[in-house]
Amino acid sequence: MIIENFTPLPAFIGGLVIGIAVTLFFALNGRLIGISGIARNFLNSNDKRFDNFLFLIGLILGPIIYQLFSKEAVSINITNSIYLLGIAGLLVGLGTSIGSGCTSGHGICGISRFSLRSIIATITFMIVGILTVFVTNLI
Amino acid sequence: MNKVTSLIAGIIFGIGLTISEMINPAKVLGFLNLFGGWDPSLAFVMIGALVVTTPFIFIYKKQKPLFAESFSIPQKKDLDNKLIIGAVLFGAGWGLAGLCPGPAISSLALMNISSVIFVVAMFLGFYLSKFINVQSS
């Protein structure tokens, strides 16, 4: 196995910060952070719509605030294929709705309360993600 | 007050995604590239988050949250087909673009047209899910 671009320290620290966001939202608002659920309910439900909206705005403000304080530009590397982005986005939107969660809801919140459903979901989407990358690398 | 805390929780989560570089699809695809040049960083993000959340969820025993009437915790326990089918579809989309919902929305901050296209398609998926009677949370 070849290991590349591994950044354990920022990954771990960023993870701690994500964990703090989850615990705060649970202790203060009584909700577990599942971002697919928050985004879907913002779109489809009137219940707590403004709370959900503000959370999503916060998500977008996060990188902007980080850049203000760190004085370093955040850059990302993403495909520019419209078809790939469209299909991937559609699959993520439908899949997280059908499976009731994504990396945050199942992967972090679900696993931290030892939910069997979330553990199975997380293993499933990771295996399928790994297979998808394996197949796309062949093409 | 729960409005302010929603915004703050979102900001902190977005900062965490930025520090950990999970906002960058290349990092996520590196993690999923198990059989190529593997980047284990995403696993360390999950460990970091779980180190905080797991003890907290078990130690924290308040009657109710500070700014809400009750805690809302998913109650479903059964493993149904929807869970697996949904996770398979999500995993495929995740592996195609390297984006899941949190990083996709956070990356809108970088004014990148690719992120916008992905998020629009994702919201279309959320919308369409209403018509196939799949929502369970």
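The coordinates are above.
Just so it is clear, the model here is predicted, and its values are computed rather than measured. Residue positions within a chain follow its written sequence, with the count starting from 1. Chains carry letters and ligands carry numbers; both start at the beginning, A for chains and 1 for ligands, and go up in the order they are written. Where local features are concerned, this predicted model is filtered to residues with pLDDT of at least 70; where side-chain atom pairs are given and counted, the filter is 80 or more; whole-chain, interface and lining totals use all residues.

A.B. asks: How would you summarise the interface of chain B and chain A if you had to cite specific residues and measurements?
C.D. replies: Remark: residues whose backbone-derived C-beta atoms lie within 7 Å of one another are considered to be in contact. In this assembly, 109 residues from chain B lie in contact with 102 residues from chain A. Secondary structure is summarised from DSSP: a helix means a run of H or I of at least four residues, a strand means a run of E of at least two, and numbering begins at the N terminus for each. Looking at the side of chain B that touches chain A, the elements with two or more residues in it are α1 (2-19), α2 (25-32), β1 (37-38), α3 (41-59), α4 (81-97), α5 (101-106) and α6 (113-129) of chain B. In terms of residue count, α1 of chain B provides more of the side of chain B that touches chain A than any other element does, 17 residues in total. Basically, the charged four are Asp, Glu, Lys and Arg, the nonpolar ten are Ala, Val, Leu, Ile, Met, Phe, Trp, Tyr, Cys and Pro, and anything else, Gly included, counts as polar. Across the side of chain B that touches chain A, the residue classes break down as 67 nonpolar, 34 polar and 8 charged.

A.B. asks: Requested: an account of the nonpolar core, with residues and values cited.
C.D. replies: Residues Ile18, Ala21, Val22 and Ile33 of chain A together with Phe118 of chain B are the most contacted members of the largest nonpolar core, which totals 78 residues. For Ile33 of chain A, the residues in contact, after removing those within four places along its chain, are Ala21, Val22, Phe25, Ser104 and Cys109 of chain A together with Ala9 and Phe13 of chain B. By definition, a nonpolar core groups buried Ala, Val, Leu, Ile, Met, Phe, Trp, Tyr and Cys residues that connect through C-beta atoms lying within 7 Å of each other. Here the C-beta atoms are placed from the backbone, and a residue counts as buried if at least 20 other C-beta atoms lie within 10 Å of its own, exposed if 12 or fewer do, and partly exposed otherwise.

A.B. asks: Which residues make up the environment of Val45 of chain B, and what values do they have?
C.D. replies: Along the polypeptide, Val45 of chain B turns up in helix α3. Each C-alpha atom of the pair Val45 of chain B and Met22 of chain B lies 8.3 Å from the other, and the pair is 23 residues apart in sequence. Ignoring sequence-local partners within four residues, the contact set of Val45 of chain B consists of Ala11, Gly14, Gly15 and Ile18 of chain A together with Ser20 and Met22 of chain B.

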